[in-house]
Amino acid sequence: MVSQQERILIVDDEAAIRKLLCQKLSREGYQCEDADSAVQTLDKLRSSPAELVILDIKIPGKSGIELLSEIKADYPHTMIIMATAITETSIAIQCMKQGADDYVCKPFNLDEVAASVARTLDKRRLQLKIEEYQQHLEEQVDQQTMEIRKLFLGAIEALVFALEAKDRYTAGHSQRVTEIAVAIGSQLGLSADDIEDLRWAGLLHDVGKIAVDQFIQNKPGKLTTSEYEHIMIHASVGAGIVKPVVNEKVVEMINHHHDHYDGTGLHQVVAGEDIPLGARILAVADAFDAMTSDRPYRSAMSMEEALNEIRRCTGTQFDSVVVTAFLETSVTKIIPVKA
Ligand SMILES: [Fe+2]
């Protein structure tokens, strides 16, 4: 069935041929235009792309094959039927190899031309439908992948909250660290995507504590070196847990959230600006919340004491740029809820 929208551009240097084809194809219900050179063809396509071009192999200005490649590159949805002399079948085959959709032989049998046009436009409609279907399918797959990812992340988040809820010292810690980290990130002007990564890293940064011995974690006295080393494995363990469901940036933030800016942290391999910015932000947010919360081995510091401690460790444990941003946030509005 012919759609009124389908437009055919007839390219030939002979006016009589253009006229003949225009008359025939207009009678078939197509909207026809014509061009007599390569320049005119490209001009007409630019002002209004055609669904189909009947392209003579010999036209002034450019070879038909050259023009064929150009049109296919710029207008991938425009179909092309090459018009070649009956003696030039090898050229016709070459054109098909280079992307032509069909060819018709000169001298023209007008009914054959009309049949070729109908067939080629049918093929075009089918191709468009397949493309549309594929696009729809890709969108559906993307959406389902997002749903699955959300479910996984939700499950891990629930695990973190469950872990923290068991312990009166850490209840709500990840949520508060997230709020502080996001406030610092906003202060630093991070993009919405970076803030979202920071949010996930904040919520999940301590998930690796699932691998930490509760007795050691809740030990009231000073930790031995090996006990401290044991607790600190939670950063890399956590990174490994979340790796299948979050992007690499979030994984790295979690992996490095206990790194010291000056490189003096435990088994640290990077320092300074090489530590991911998100990890440097988490380090400040994490330390601030830990200091202002009760711990088994000490009671919570006051806000002022904690801020002084953070200032004291600026440039050594903490990145000064992050600390400056932190001090500019309305931290007093994010007073940690004591357990
Ligand atoms: Fe941690």
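Our subject is the structure listed above.
Throughout, residues of each chain are indexed from 1 in the direction in which the sequence is written. With the structure being a predicted model, the display of local features is reserved for residues of pLDDT at least 70 and the display and counting of side-chain atom pairs for 80 or more, all residues being used for whole-chain, interface and lining totals. Side-chain measures were taken over the full set of non-hydrogen atoms in the model, leaving aside hydrogen atoms and water.

## Brief notes about the overall build of the chain
Point 1. Scanning the chain from N- to C-terminus turns up 14 helices and 7 strands.
Point 2. For the chain, the C-alpha radius of gyration of 34 Å lies well beyond 20 Å, the compact-globule estimate for 339 residues.
Point 3. The C-alpha extent of the chain, read off along each of the three principal axes, is 100 × 35 × 35 Å.
Point 4. For this analysis, residues touch if any pair of their heavy atoms sits within 4.5 Å. For the chain, the proportion of contacts with a sequence separation of at least 24, taken over those separated by at least 6, is 64%.
Point 5. Every accessible area reported is derived by Shrake-Rupley at a probe size of 1.4 Å, with residue values counting cover from the shown protein chains alone. Surface summary for the chain: the accessible area is close to 17,500 Å², and the carbon and sulfur share equals 56%.
Point 6. By the counting scheme adopted, Arg and Lys are positive, Glu and Asp are negative, and His together with the chain ends is not counted. Charge coordinates come from a single atom per side chain, which is NZ of Lys, CZ of Arg, CG of Asp or CD of Glu. Computed over 35 positive and 52 negative side-chain charges, the separation of the two mean positions in the chain equals 2 Å. Numbering goes from the N terminus for both helices and strands, where a helix is a DSSP run of H or I of at least four residues and a strand is a run of E of at least two. Radius of gyration: over C-alpha atoms. The globule rule applied is 2.2 Å multiplied by the number of residues raised to the 0.38 power.

## Things to note about the packing of aromatic side chains
Ring pairs (aromatic) are described by centroid distance and by the angle formed between their planes.
Point 1. Two rings belonging to Phe, Tyr or Trp (six-membered ring only in the last case) form a pair when the distance between their centres is within 6.5 Å. Interplanar angles under 30 degrees mark stacking, angles over 60 mark edge-to-face geometry, and anything in between is tilted. Enumeration over the complete set of coordinates arrives at 1 aromatic pair.
Point 2. Working rule: Lys NZ or Arg CZ, within 6 Å of ring centre, within 35 degrees of ring normal, means a charge sits over the ring. Against the face of tryptophan 200 rests arginine 199, its NZ or CZ located 5.1 Å from the ring centre.

## Remarks on the coordination of the iron ion
Point 1. Water is not part of the atom set, so a site may look incomplete; the donors themselves are N, O and S atoms within 2.8 Å of the metal, or 3.2 Å for Na, K and Ca. The iron ion binds to the protein through Asp206 (OD), His234 (NE2), His257 (NE2) and His258 (NE2), with metal-donor distances spanning 2.2 to 2.3 Å.
Point 2. By the criteria applied here, four donors are tetrahedral when all angles lie between 85 and 135 degrees, four are square planar and six octahedral when opposite donors are over 155 degrees apart and every other angle lies between 65 and 115, and any other arrangement is irregular. With 4 donor atoms in place around the iron ion and angles of 84 to 171° between them, the coordination shape is irregular.
Point 3. Remark: exposure states derive from per-residue accessible area (1.4 Å probe, protein chains only) relative to the maximum for the residue type, with buried under 20%, exposed over 50%, and partly exposed in between. Residue histidine 257 is classed as buried on the basis of its relative accessible area, which comes to 1%.

## Thoughts on the pattern of salt bridges
Point 1. What counts as a salt bridge is simple: a side-chain nitrogen of Lys or Arg found within 4 Å of a carboxyl oxygen of Asp or Glu. This model, assessed by the stated rule, comprises 23 salt bridges.
Point 2. One salt bridge in this structure joins arginine 46 and aspartate 43, with 2.8 Å as the shortest N-O distance. One end of the pair is arginine 46 and the other is aspartate 43, both in helix α2 (residues 38-47) and 3 residues apart, which spans about a single turn.
Point 3. Look at aspartate 43 and you get partly exposed, because its relative accessible area is 40%.

## Some remarks on a nonpolar patch on the surface
Point 1. Taken together, Tyr133, Leu137 and Val141 make up a surface patch of nonpolar side chains, about 290 Å² in accessible area.
Point 2. The residue valine 141 is located in helix α5 (residues 110-165) in this model.
Point 3. On the accessibility criterion, valine 141 (47% relative accessible area) is partly exposed. Here a patch means residues that are over 30% exposed by relative accessible area and free of salt bridges, tied together within 9 Å if like-charged and within 5 Å if nonpolar (Val, Leu, Ile, Met, Phe, Trp, Tyr).

## Brief notes about the nonpolar core
Point 1. As used in this record, nonpolar core signifies buried Ala, Val, Leu, Ile, Met, Phe, Trp, Tyr and Cys residues forming a set joined through side-chain atoms within 4.5 Å. Ranked by size, the top nonpolar core spans 39 residues in total, and within it Leu204 and Phe326 carry the most contacts.
Point 2. Those elements giving two or more residues to this core turn out to be α5, α6 (173-187), α7 (192-204), α10 (234-242), α11 (248-255), α12 (277-291), α13 (303-312) and α14 (320-328).
Point 3. Grouped together as the second largest cluster of nonpolar side chains are 20 residues, Ile57, Leu68, Ile71 and Cys95 included.

## Section: the pairing of strand β1 (residues 7-11)
Point 1. When you tally the buried positions in β1, you get 5 out of 5 residues, the bulk of the element.
Point 2. Residues Arg7, Leu9 and Val11 of β1 are buried on one face, and the alternating residues Ile8 and Ile10, pointing to the opposite face, are buried as well.
Point 3. Relative to strand β2 (residues 31-35), β1 is paired through 5 bridges, and the arrangement is parallel. When the sheet's bridge partners are listed, arginine 7 is paired in β2 with glutamine 31.
Point 4. By convention, orient the strands away from the viewer: a clockwise path from the first strand over the helix to the second makes the crossover right-handed. Each parallel crossover has a hand, and the one from β1 via helix α1 (residues 15-27) to β2 is right-handed.
Point 5. Pairing between two strands is assigned when DSSP locates at least 2 bridges connecting them. Sheet topology note: the β1/strand β3 (residues 52-56) ladder contains 4 bridges and is parallel.

## Brief notes about the side chain of aspartate 197
Point 1. Inspection of the secondary structure assignment puts aspartate 197 in helix α7.
Point 2. Polar contact is defined as a pair of N or O atoms within 3.5 Å, subject to the rule that within protein one atom must be able to donate a hydrogen and the other to accept it, and that residues adjacent in sequence are counted only when both atoms are side-chain atoms. Only 3.0 Å separates the side chain of aspartate 197 from the side chain of asparagine 247, close enough to count as a polar contact.
Point 3. Dropping the residues within four chain positions of it, aspartate 197 is found in contact with Asn247, Lys249, Val250 and Met253.

## Structural notes on the packing of α6 against α7
Point 1. Note on definitions: angles span 0 to 180 degrees between N-to-C directions of axes, and those axes are lines fitted to C-alpha atoms, for helices only across the stretch in contact. Relative orientation of the contacting elements α6 and α7 amounts to 155°, with a least axis distance of 8 Å. Overall, the two elements α6 and α7 adopt an arrangement that is roughly antiparallel. Crossing of α6 against α7: the hand is right-handed. Where α6 approaches α7, its residues Ser174, Gln175, Thr178, Ala181, Val182, Gly185 and Ser186 are matched on the opposing element by Ile195, Leu198, Arg199, Gly202 and Leu203.
Point 2. The residue inventory of the contact of α6 with α7, partitioned by class, reads 5 nonpolar, 6 polar and 1 charged. Note that the term roughly parallel is reserved for angles under 35 degrees, roughly antiparallel for angles over 145, roughly perpendicular for angles of 65 to 115, and oblique for everything else. Left-handed is the label given to a crossing in which the near helix is rotated counterclockwise from the far helix by less than a right angle, and right-handed is the label when the rotation is clockwise. Only Asp, Glu, Lys and Arg are considered charged in this grouping, and only Ala, Val, Leu, Ile, Met, Phe, Trp, Tyr, Cys and Pro are considered nonpolar; every other residue, Gly among them, is considered polar.

## Comments concerning the environment of glutamate 28
Point 1. Within the fold, glutamate 28 resides in the loop between α1 and β2.
Point 2. Between the C-alpha atom of glutamate 28 and that of arginine 199, which follows or precedes it by 171 residues, the distance is 62 Å.

## Side note on the side chain of aspartate 286
Point 1. Tracing the backbone through its elements, the reader meets aspartate 286 in helix α12.
Point 2. When its relative accessible area of 8% is taken as the criterion, aspartate 286 is described as buried.
Point 3. Not counting residues within four places of it along the chain, the set of residues in contact with aspartate 286 comprises His173, Val177, His205, His257 and His258.

## Some words on the sheet that holds strand β7 (residues 102-106)
Point 1. Taken in spatial order, the 5 strands line up as β2-β1-β3-β6-β7 in an open sheet, and their pairing is parallel. The open sheet terminates on both sides in strands that have one partner only, identified here as β2 and β7. On average, adjacent strands in this sheet sit at an angle of 20° to one another, irrespective of strand direction.
Point 2. Both strand β6 (residues 79-85) and β7 contribute to a ladder of 5 bridges, which runs parallel. Paired with alanine 85 across the two strands is lysine 106, which belongs to β7.

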